[in-house]
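Listed below are the residues making up each chain.
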Amino acid sequence: KFDEDCTVSNLKYSNQLITRYISSLVTKPFVLLSGLSGSGKTKLAQSFAQWICEDEKQYCIVPVGADWTNREPLLGYVNALDNKEYVLPENGALKLLIEANKVENRKRPYFLILDEMNLSHVERYFADFLSVMESKDKFKLHSDVEQEKSGVPFELSWPKNLFVVGTVNIDETTYMFSPKVLDRANVIEFRLTEKEISNFLNSPNQVD
């Protein structure tokens, strides 16, 4: 059905690619889409999230910054001047994680899409996610066990309805992934075939 709707929307993804993507999401909650810039990686992740989700609150597209050196851009931090306040990241990543953990939302899928994930060292800002993925432990957000800070609980789990999709470009501005990151992910590489390149070069568009 998603394949049919992509065709109607003039999105050209092969049935094989769509099958691989959905199968990857089902088997692991962390999927990496690798390929040339402009090959449709982010669009695939966004289109599928929009197609399967009931509303926009169930997915979040976060552009990764080259200056990300710790977990704060994704999980926020406790205000050093006011210990009772927790500063949530403006990109909505932590809010999405909180929503996915609510009991009434456990049967609804949630997607965190990290665009150009390797613009910074993944192991630095994504370390908590990698650890929770492996240990099945919980995200420790602050030290106040008894109550929430700014609506943020002491800890959160990685629920089964939360999926993280990262898009990856390999060039001189990005960093390579370590084996421990690749071991925890399903990786799909977007490749152009010789036939696709030939068809593009042999049918140039009119330039006005």
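These numbers were taken from a predicted model, which means no experiment stands behind them.

Criteria and thresholds
Residues numbered from 1 in each chain as written. Predicted model: local features only at pLDDT ≥ 70, side-chain atom pairs only at ≥ 80, totals over all residues. Heavy atoms only, no water. Core = buried A, V, L, I, M, F, W, Y, C linked by side-chain atoms within 4.5 Å. Buried < 20%, exposed > 50% of the residue type's maximum accessible area, 1.4 Å probe, protein only. Helix = DSSP H or I, 4+ residues; strand = E, 2+ residues; numbered from the N terminus. Contact = heavy atoms within 4.5 Å. Pairing = 2+ DSSP bridges. Axes fitted to C-alpha atoms, helices over the stretch in contact; angles between N-to-C directions.

Engineer: I tried to follow the nonpolar core on my own but got confused; where do I start?
Structural biologist: As a rule of thumb, nonpolar side chains are buried together in soluble globular proteins. Residues Phe 30, Leu 74, Leu 94, Leu 112, Leu 114 and Phe 126 are the most contacted members of the largest nonpolar core, which totals 37 residues. Mapped by element, the contributors of at least two residues to this core are strand 1 (30-35), strand 2 (59-63), helix 4 (72-75), helix 5 (93-101), strand 5 (110-115), helix 6 (122-125), helix 7 (127-135) and strand 8 (162-168). Counting residues per element, this core draws most heavily on helix 5, at six residues. Excluding residues within four positions of it along the chain, Leu 74 makes contact with Trp 68, Pro 89, Ala 93, Leu 94, Leu 114, Tyr 125, Phe 126 and Phe 129. Counting 21 residues, the second largest nonpolar core, distinct from the first, contains Leu 25, Phe 48, Cys 53 and Ile 188.

Engineer: Would you mind showing me how to read the sheet that holds strand 2 here?
Structural biologist: Hydrogen bonds between backbone groups are what pair the strands of a sheet, and the pairing can be parallel or antiparallel. Taken in spatial order, the five strands make up an open sheet running 2-5-8-1-9, and their pairing is parallel. The sheet is open, and its two edges are formed by strand 2 and strand 9 (186-190), each paired on a single side. Across this sheet, the average inter-strand angle for adjacent strands is 20 degrees, counted without regard to direction. Contacts from helix 2 (residues 15-27) reach strand 1, strand 5, strand 8 and strand 9 within the one sheet, and its direction differs from that of strand 9 by about 165 degrees.

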